[in-house]
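# Architecture and fold: a report
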Amino acid sequence: MSGYRCSSCGKSYSLDALLPHCSCGGLFDIEHAGPAFNLELVDKDEWSMFRYRRFMPLDNELWRDLSLGEGLSPTVRLDERTLVKMDYMMPTLSFKDRGAAALIWLCKTIGVRKVAQDSSGNAGNAVAAYCARAGIACEIFVPEATSPKKIAMIRAHGASVTIVRGTRDQTADACREKVAREGLYYASHVYNPFFYEGTKTYLYEIFEQRKALPANLVIPLGNGTLFLGVMKALAELKSAGAIARYPRIYAVQSERCAPFKAAVEGGLSSVPAVDITQTMAEGIAIGRPMRGEAILKLIYEHGVRVITAKEDSIAAAREYLARMGIYAEHTSAANFAAYQELMAGTEAPEGDTIIPVCGAGLKSDK
Ligand SMILES: Cc1ncc(COP(=O)(O)O)c(C=O)c1O
Ligand SMILES: [Zn+2]
């Protein structure tokens, strides 16, 4: 049986709990005793991320009515040491579709009728699209700086949009107030651990496509939905004996919003309040990551290096990618900008690196 377990007090809840978090305030993790990861158990006839459903904590066929063919993005070599995984090739043009497809599968399974969620845009796009597919009403909160195209897309899927005057963190506060006031289901990609059950397929795919992992992975780090999914998948692959060790992991923050960098530099066990300024990497502009302590613990445990993207190198990185045929959004170009700086320095890693192109360029054009 699968269920939630509070990350703070350890209390157990069933997956049909409608609460955003434990009564003690702690966030839920998922407990699931499924089969060990094994390529033999991948459903090779299913051409979406649901080919990995044997390793996910639900066992029903409702995903068939929801799937938009998300996942299975190609991995493309850019140069001798650099590969990109094309996660902008998704139904709503970002990697968030992986998490949203899994989360809305849960919502459909437990009979949720209406959800609310806050987002810098891409997760809102993804949740709105899968809610449309599932016939679930949806309200998305976004900060005022969100790209207009993302807002238009959310509305096109039939969701209502509340634009919050303030930062991404204040947007989350506004959404949570409404969730608490009206008892809505909080389909948060940060609170609800089902989202990570989807994002973990990013790593499964790399392993299935290449039969091994690269020496290095670059992963964006705002709230850490891809980061946590990847770390979960790595733990699963390691305990299944499919890999002997983790790749070296580089987590990317914006130099204008880098709470994890500040934590690591200060040797802290919790994420400090940091001064932030507006960045074109809107997707990683998270000053108060709600799973900060869990992420920090993983950073220390696995020697993850936190690197930053300089604001004035994001546009050039985006242009570089475009000249390679890849039109990425600014937040994705930030991954590349940080990687280029790493490779130009004295701590450039050996071996291949895979970098995600997580969002499509058209979405962040004004
Ligand atoms: C394109 C893109 N990349 C990276 C991220 C960062 O994801 P997370 O905040 O889950 O770490 C986001 C989040 O919205 C995004 O839209
Ligand atoms: Zn608790």
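Predicted model only: the values in this text are computed from it and were never measured.

Here we take up the pairing of strand β10 (residues 216-220). Burial within β10 is extensive, with five of its five residues counted as buried. Residues Asn216, Val218 and Pro220 line one face of β10 and the alternating positions Leu217 and Ile219 line the opposite face, and both faces are buried. The sheet contact formed by β10 and strand β11 (residues 248-254) spans five bridges and is parallel. By the bridge assignment for β11, Ile219 is matched with Ala251. Where the polypeptide runs from β10 across helix α8 (residues 225-239) and back to β11, its parallel neighbour, the crossover connection is right-handed. Inspection of the sheet shows β10 paired to strand β13 (residues 353-356) by two bridges, in the parallel sense. In the sheet register, Asn216 faces β13, and the bridge partner there is Thr353.

Turning next to the side chain of Asp365. Tracing the backbone shows Asp365 in the segment after β13. The buried category is assigned to Asp365, whose relative accessible area is 16%. Within the structure, Asp365 has its side chain in polar contact with the side chain of Tyr327 (distance 2.7 Å).

With that settled, the discussion passes to the coordination of the zinc ion (ligand 2). In this structure, Cys6 (SG), Cys9 (SG), Cys22 (SG) and Cys24 (SG) serve as the protein donors to the zinc ion (ligand 2), at separations of 2.3 Å. In this structure, the zinc ion (ligand 2) is surrounded by four donor atoms whose angles at the metal cover 105 to 116°, and the resulting shape is tetrahedral. Donor residues for the zinc ion (ligand 2), ordered by position in the chain, follow C-x2-C-x12-C-x1-C.

Before going further, it helps to spend a moment on the layout of surface pockets. Of the voids in this model, the largest pocket is the one considered here, and its volume is about 1,000 Å³. Around the largest pocket, the lining comprises 43 residues; the ones closest to its centre are Asp29, Leu228, Arg291, Ala294 and Leu298. Where the lining of the largest pocket is concerned, the elements lending two or more residues are β3 (28-31), α6 (194-199), α8 and α10 (292-301). Residue classes in the lining of the largest pocket are distributed as 23 nonpolar, ten polar and ten charged. Considered as a void within the structure, the second largest pocket measures approximately 290 Å³ in volume. Lining the second largest pocket are 15 residues, and of these Ala145, Thr167, Arg168, Gln278 and Ala285 lie nearest its centre. The residue inventory of the lining of the second largest pocket, partitioned by class, reads five nonpolar, seven polar and three charged.

We now examine the pairing of β3. Burial along β3 is one-sided: the face carrying Phe28 and Ile30 is buried and the face carrying Asp29 and Glu31 is not. In the sheet, strand β1 (residues 3-6) pairs with β3 via four bridges, with the strands oriented antiparallel. Bridged to Tyr4 within β3 is Ile30.

Bringing the sheet that holds strand β6 (residues 114-118) into the picture now. Each strand in a sheet pairs with its neighbour through backbone hydrogen bonds, running either in the same direction (parallel) or in the opposite one (antiparallel). Sheet architecture is open: four strands sit in the order β8-β7-β6-β9, paired in parallel fashion. The sheet is open, and its two edges are formed by β8 (160-164) and β9 (185-186), each paired on a single side. Against the sheet, helix α5 (residues 168-182) engages β6, β7 (137-143), β8 and β9, with an angle of about 150° to β7.

Inspection of the region around ligand 1 gives 17 residues, with Asn122, Gly222, Asn223, Gly224 and Thr225 positioned closest. Ser120 is positioned such that a nitrogen or oxygen atom in its side chain is 3.2 Å from an oxygen atom of ligand 1. Interatomic distance of 2.6 Å between a side-chain N/O atom of Asn122 and an oxygen atom of ligand 1. Bound to the protein, ligand 1 loses 98% of the 390 Å² it would expose on its own. With respect to the pocket detection grid, ligand 1 is positioned in the largest cavity. A class-by-class count of the residues in the shell around ligand 1 yields five nonpolar, ten polar and two charged.

Positive phi values are uncommon outside glycine, yet Leu72 reaches one of about 55°. By the secondary structure assignment, Leu72 is in the loop between α1 (63-66) and β4 (75-79). When its relative accessible area of 28% is taken as the criterion, Leu72 is described as partly exposed. At Lys211, a position not held by glycine, the phi torsion is positive, near 60°. The residue Lys211 is located in the loop between α7 (201-210) and β10 in this model.

Within the element layout of this structure, Glu197 appears in helix α6. We classify Glu197 as buried; its relative accessible area is 1%. A polar contact of 2.7 Å, which involves the side chain of Glu197, links it to the side chain of Lys200. Within the structure, the side chain of Glu197 is placed 2.3 Å from the side chain of Lys232, a separation counted as a polar contact. Not counting chain neighbours up to four residues away, the residues in contact with Glu197 comprise Ile30, Phe55, Met56, Pro57, Ala102 and Lys232.

What counts, and at which threshold
- In this numbering scheme, every chain counts its residues from 1 along its sequence in written order.
- All chains are assigned letters beginning at A, and all ligands numbers beginning at 1, according to the order in which they are written.
- Predicted model: local features are reported for residues with pLDDT of at least 70 only, side-chain atom pairs are reported and counted for 80 or more only, and whole-chain, interface and lining totals are derived from all residues.
- Hydrogens are left out, water is left out, and the side-chain values use all remaining heavy atoms of the structure.
- Exposed residues in this analysis have more than 50% of their type's maximum accessible area, buried residues have under 20%, and partly exposed residues fall in between, with area computed by a 1.4 Å probe over protein chains only.
- In DSSP terms, a helix is any run of H or I states spanning at least four residues, a strand is any run of E spanning at least two, and both are numbered starting from the N terminus.
- DSSP-based pairing: two strands are paired if at least 2 bridges between them are found.
- Seen with its strands pointing away from the viewer, a crossover is right-handed when the path leading from the first strand over the helix to the second is clockwise.
- Whenever two N or O atoms come within 3.5 Å, that pair is a polar contact, provided that in protein one can donate a hydrogen and the other can accept it, and provided that, for residues adjacent in sequence, both atoms are side-chain atoms.
- Each metal site is built from N, O and S donor atoms within 2.8 Å (3.2 Å for Na, K and Ca), and since water is not included, such sites may look incomplete.
- Each label reflects the angles at the metal, where four donors whose angles all fall between 85 and 135 degrees are tetrahedral, four or six donors whose opposite pairs open beyond 155 degrees and whose other angles stay between 65 and 115 are square planar or octahedral respectively, and the rest are irregular.
- Cavity: a set of points on a 1 Å grid over the protein atoms alone where a 1.4 Å probe fits but cannot get out. Pocket: an open set with protein on both sides within 12 Å along at least five of seven lines, its lining residues, like those of a cavity, having an atom within 4 Å of a point.
- Grid points are joined across faces, edges and corners, and a volume is the space filled by probe spheres set on the points.
- Polar here means any residue other than Ala, Val, Leu, Ile, Met, Phe, Trp, Tyr, Cys and Pro, which are nonpolar, and Asp, Glu, Lys and Arg, which are charged; Gly is therefore polar.
- Only heavy atoms matter for contacts: two residues are in contact if any of them lie within 4.5 Å across the pair.
- Note on geometry: axes are lines fitted to C-alpha atoms, helical ones only across the stretch in contact, with angles between N-to-C directions running from 0 to 180 degrees.
- Being near a molecule or strand, for a residue, comes down to having at least one heavy atom within 4 Å of it.
- Only the protein chains shown count as cover for residues, and the accessible areas themselves come from Shrake-Rupley with a 1.4 Å probe.
- Assignment of a molecule to a cavity or pocket requires that more than half of its atoms lie within 2 Å of the corresponding grid points.

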